[in-house]
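Survey of secondary and tertiary structure
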Amino acid sequence: MDTKNDHIICKLIKVSGLVQGVGFRPFIYRLAIEHQVYGWVNNGNDGVLIKAQAGAESLNSFIQDIKKKAPLASDIWSITHDEVQPENFGNFSIRKSNNQSNEITEISPDIAVCHECLSDLRNQPHRKNYPLINCTNCGPRFSIIHDLPYDRHKTTMKDFQMCETCHQEYVNVLDRRFHAQPVACNNCGPSYQMLLNGQIINNLDEIFHTLDKLLKHGKIIAIKGTGGYHLVCDAINQQAISKLREIKMRDAKSFAVMFKNEELLSSYTELNKNEKAEINSWKRPIVLLKSKKVLAAGVSNGFNTLGCMLPSMPFHYLLFENIRQEVLVFTSGNISDEPIIISDAEALEKLENKVDAIVSYNREIFNRNDDSVAFVANNIVRVMRRSRGFVPSPIRVAADVEGIFAAGAELTNSFCIGRGKQAILSQHIGDLKNWGTFLFYKESFERFSRMFQFQNRLIVADQHPDYLSTQFANELALKSSIPIIYVQHHHAHIASCMAEHHLDEKVIGVAMDGTGLGTDGNIWGAEFFLCDYVDFERVAHFEYYPLPGGDKVIKEPWRTAVAYLYKIYGAEFNKLNLPFLQKINKQELQLVIKSIDKGFNAPLSCSAGRLFDAVAAMLGISVFSGFHAEAPMRLENVIENNFVEPYPFSVDNEVISFETCIKEIVSDVLAKVPISNISARFHNTIITAIFEKTIQISQKYGISKVVFSGGSFQNRYLLEHLEHRFEKKHDVAAYFPARVPANDGGIALGQLLIASKRREMNFI
Ligand code: ZN
Ligand code: ZN
Ligand code: FE
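Residues numbered from 1 in each chain as written. Chains lettered and ligands numbered in written order. Predicted model: local features only at pLDDT ≥ 70, side-chain atom pairs only at ≥ 80, totals over all residues. Heavy atoms only, no water.

Things to note about the sheet that holds strand β21 (residues 422–425)
Selection criterion: Two strands qualify as a pair provided that DSSP identifies no fewer than 2 bridges between them. Helix numbers and strand numbers start at the N terminus; a helix is a DSSP run of H or I with at least 4 residues, a strand a run of E with at least 2.
Strand order in the open sheet formed by six strands is β18-β21-β20-β19-β22-β23, and the pairing between neighbours is mixed. Either end of the sheet is taken by a strand with one partner, and the two such strands are β18 (395–396) and β23 (484–487). In this sheet, β21 lies alongside strand β20 (residues 416–419) in antiparallel orientation, the contact comprising four bridges. By the bridge assignment for β21, R419 is matched with Q422.

This is the structure we're talking about:
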């Protein structure tokens, strides 16, 4: 034991947070040996418990190192320690966990390759250039797990027998690979193969050599990643980009790119401290960054931001070392809205005839897990797509959510299950209207239920009867005789953000969104609520306009623009000669007018997203839309100057009307005012309207907390400026989404909390 200090102290240390299933106990063990600490470590209810006995000095540095040197994927919320009676310990030991229910959190997300492994890649004889190197602190997790407990034979590593060298490391508690389930090396682990013109290449050097040549010539390669396939090509080669767009059947959406290293990344993009930290984090998400140097124009397709990644797999590092390209497109390997491809058989079937080569490795991906996407606004990371690196880390909530299944929304779906006080959000599933995606949804629900030993007792779904998630929930409720409740879409949005910020009280909820069914049968999407988890009262909203053609307006924003103009100007609007109208087929225009007049297939909507659509179309920016939310995104994209006055708008009790704003926009368009100014003024109008109405509600009802959510808060300009307004307003506290997506991908969390509260209050 400690000889420097004869005063022996014993402490009971509680570490709370996400510390299970990430190699935390072996880490504590090694730390204890290093600091000559005796005692034990064990799993506790909310983290790990450590009994540690040593000289005062050693014990202190031991406790400090817990935080300082903790495994990458762990997330320590707090460390508390109390002095207790010293005992007679002969060593330090890892105690076996005796509580099964503790095991529920023990699935770590996939972790990017760590620095130590990158160094082993050069130095360890049996892992020299081993493209799937990993250790306890890094490597695949969620993507390879079949079932719990997390053990090699319950992962897709089960087919690989460890060699003697790997086994020695695996059983040695002092080794970094102690109990690293996917541990492998060049002698025993999975390996890469390339399929080129019907020939298989197994030699890694040859694969890289061939990739270098193919990429140089603008070829498209499918490469298997951690949670699914990527389609990869040279990001500087416009021809390659055009070909990729054809393969993906994707017309307008920008492609994510992977840079060789951070240095290169910062030569192409503006990168602040927080963005740098996020893109380098072990989660390695795609981070949306401002471009400063262009790649091939087709990559970002007119947007001034770029979805960027740094290498996350050892293979990626080796790839960039062996090819001449320094920036590659790394887009999800799927066609259109289908889920990303994970199996080699499907890659062969769907991609072999389209791409120039397929690069795979012979370890199966079990759980599909797309790249996560985030951006930084006002120095805070905002997750837009929560998947690889994030899932299935639970979100700690204040309520008991045990046994609740929240089905989520329909577009950008993600569902959620509750275990105790942990909300476990699924990976990004996607648009359920795609059949393959819907199957993926059902399969993932079954898998989550099994993996987390989930006993479903209550189901909660969106109140939109047509959502496939709602229909699935209905069937499940019927089949299993489980009670089901329905939640209004925007109430769930607000509850999601409340849950993220641990709020449980009456708040003002402001939802700015695409669409969601309202309780009056209209389509909502710009709502001011007084709400808590149980219920909401709608106290204000944007003015209703018809959406001629119903769902057609999503792909044809011009329809919404016409609806606004027709309501404001009557039939005279046609004489305004707004340039965007020239792009519209005259017959279709007449049909649109007719449908508004007759109120046929023209549901009323107050959605903020549709208002942004209308303005984007009037400005000629997006008369038609190639992908979800393209029009609002392009409208934001043209803003150059922040400092312009808002347009006028009016508030009549509950209804905020932008009629005067639209009129001024029309005259600005006719006067050829630059669209960047019009867009900035329009944004400022929305920001001012939201801010003023919120303050008014706050004063009227005496509520000082306001919670924002909904897809529109992915608009950086809107989000940042609104946040700034509230920062200066000290008597109102504003909460915005950050770690949980503001879009429909975050809705299931809100549904879960609403269901939990209603159950607690016996309202079910
Ligand atoms: Zn590692
Ligand atoms: Zn081995
Ligand atoms: Fe929504």
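Points about the nonpolar core
For clarity, the threshold we go by: By nonpolar core is meant a set of buried Ala, Val, Leu, Ile, Met, Phe, Trp, Tyr and Cys residues that side-chain atoms within 4.5 Å join together. Accessibility here uses a 1.4 Å probe with only protein chains present; expressed as a share of the type maximum, an area under 20% marks a residue as buried, one over 50% as exposed, and anything in between as partly exposed. Note on contacts: a residue pair is in contact if any heavy atoms of the two residues lie within 4.5 Å.
Of all hydrophobic cores here, the largest spans 190 residues; its most connected members are F62 and F542. Setting aside residues no more than four positions away along its own chain, F542 makes contact with M512, A526, F528, C606, A608, L611, V655, I656, F658, I686 and I690. Counting residues in each nonpolar core, the second largest holds 35 residues, with I279, V327, A347 and I358 among its members.

Here we look at empty space enclosed by the protein
To keep things clear, this is the line we draw: Cavities and pockets are found on a 1 Å grid laid over the protein atoms alone: a cavity is a set of points where a 1.4 Å probe fits but cannot escape, a pocket is an open set with protein on both sides within 12 Å along at least five of seven lines, and a lining residue has an atom within 4 Å of such a point. Grid points are joined across faces, edges and corners, and a volume is the space filled by probe spheres set on the points. As a working rule, the residues Ala, Val, Leu, Ile, Met, Phe, Trp, Tyr, Cys and Pro are called nonpolar, Asp, Glu, Lys and Arg charged, and the rest polar, with Gly in that last group. Note that domain bounds follow an automatic or database assignment of domains.
Following the criterion strictly, the structure yields four cavities of 30 Å³ or more and no others. Lining the largest cavity are 18 residues, with I111, G139, P140, T226 and M313 positioned closest to its centre. Counted by class, the lining of the largest cavity contains nine nonpolar, five polar and four charged residues. Shared between two domains, the lining of the largest cavity holds at least three residues of each, these being domain 2 (107–190) and domain 3 (192–361). For the second largest cavity, the calculated volume is near 90 Å³. Looking at the second largest cavity, it is lined by 17 residues, and the ones nearest its centre are T226, G228, H230, D371 and R388.

Some words on the coordination of the zinc ion (ligand 2)
What counts, and what does not: Metal coordination here is assigned from N, O and S atoms located within 2.8 Å of the ion, or within 3.2 Å for Na, K and Ca; omission of water means that sites may look incomplete. Geometry is assigned from the angles between donors: four donors with all angles from 85 to 135 degrees make a tetrahedral site, four or six donors whose opposite pairs exceed 155 degrees while the rest stay between 65 and 115 make square planar or octahedral sites respectively, and everything else is labelled irregular.
Protein-derived coordination of the zinc ion (ligand 2) comes from C163 (SG), C166 (SG), C185 (SG) and C188 (SG), at a distance range of 2.3 Å. Around the zinc ion (ligand 2), the four donor atoms are arranged such that angles at the metal cover 105 to 114°; this shape is classified as tetrahedral.

Some points on the pattern of salt bridges
Rule in force here: Salt-bridge detection follows one rule: a side-chain nitrogen of Lys or Arg within 4 Å of a carboxyl oxygen of Asp or Glu.
Counted according to the given criterion, the structure contains 37 salt bridges. For E588, the salt bridge identified is with R559, shortest N-O distance 3.3 Å. Of the two residues, E588 is situated in helix α17 (residues 586–598) and R559 in helix α16 (residues 557–569); the sequence distance between them amounts to 29 residues. Between E659 and K663 there is a salt bridge; the shortest N-O distance is 3.8 Å. Placement of the pair is E659 and K663 together in helix α20 (residues 659–670), with a separation of four residues, close to one helical turn. Relative accessible area serves as the criterion here: at 37%, K663 is assigned to the partly exposed category. Several salt bridges converge on common partners, so that one network encompasses E34, D65, K68 and K69.

Here we look at the coordination of the iron ion (ligand 3)
Of the protein atoms, only H489 (NE2), H493 (NE2), D513 (OD) and D744 (OD) coordinate the iron ion (ligand 3), at distances of 2.0 to 2.2 Å. Classification of the site at the iron ion (ligand 3) rests on its four donor atoms, whose angles at the metal span 86 to 168°, yielding the label irregular.

Quick look at the side chain of R538
Note the cut-off: N or O atoms within 3.5 Å of each other form a polar contact, as long as, within protein, one can give a hydrogen and the other can take it, and as long as residues adjacent in sequence are counted only when both atoms are side-chain atoms.
Counting through the fold element by element, R538 comes out in strand β26 (residues 536–542). Overall, R538 belongs to the buried group, its relative accessible area being 19%. Among the polar contacts listed, one links the side chain of R538 to the side chain of E527, at a separation of 2.5 Å. Separated by 3.0 Å, the side chains of R538 and Y544 make a polar contact.

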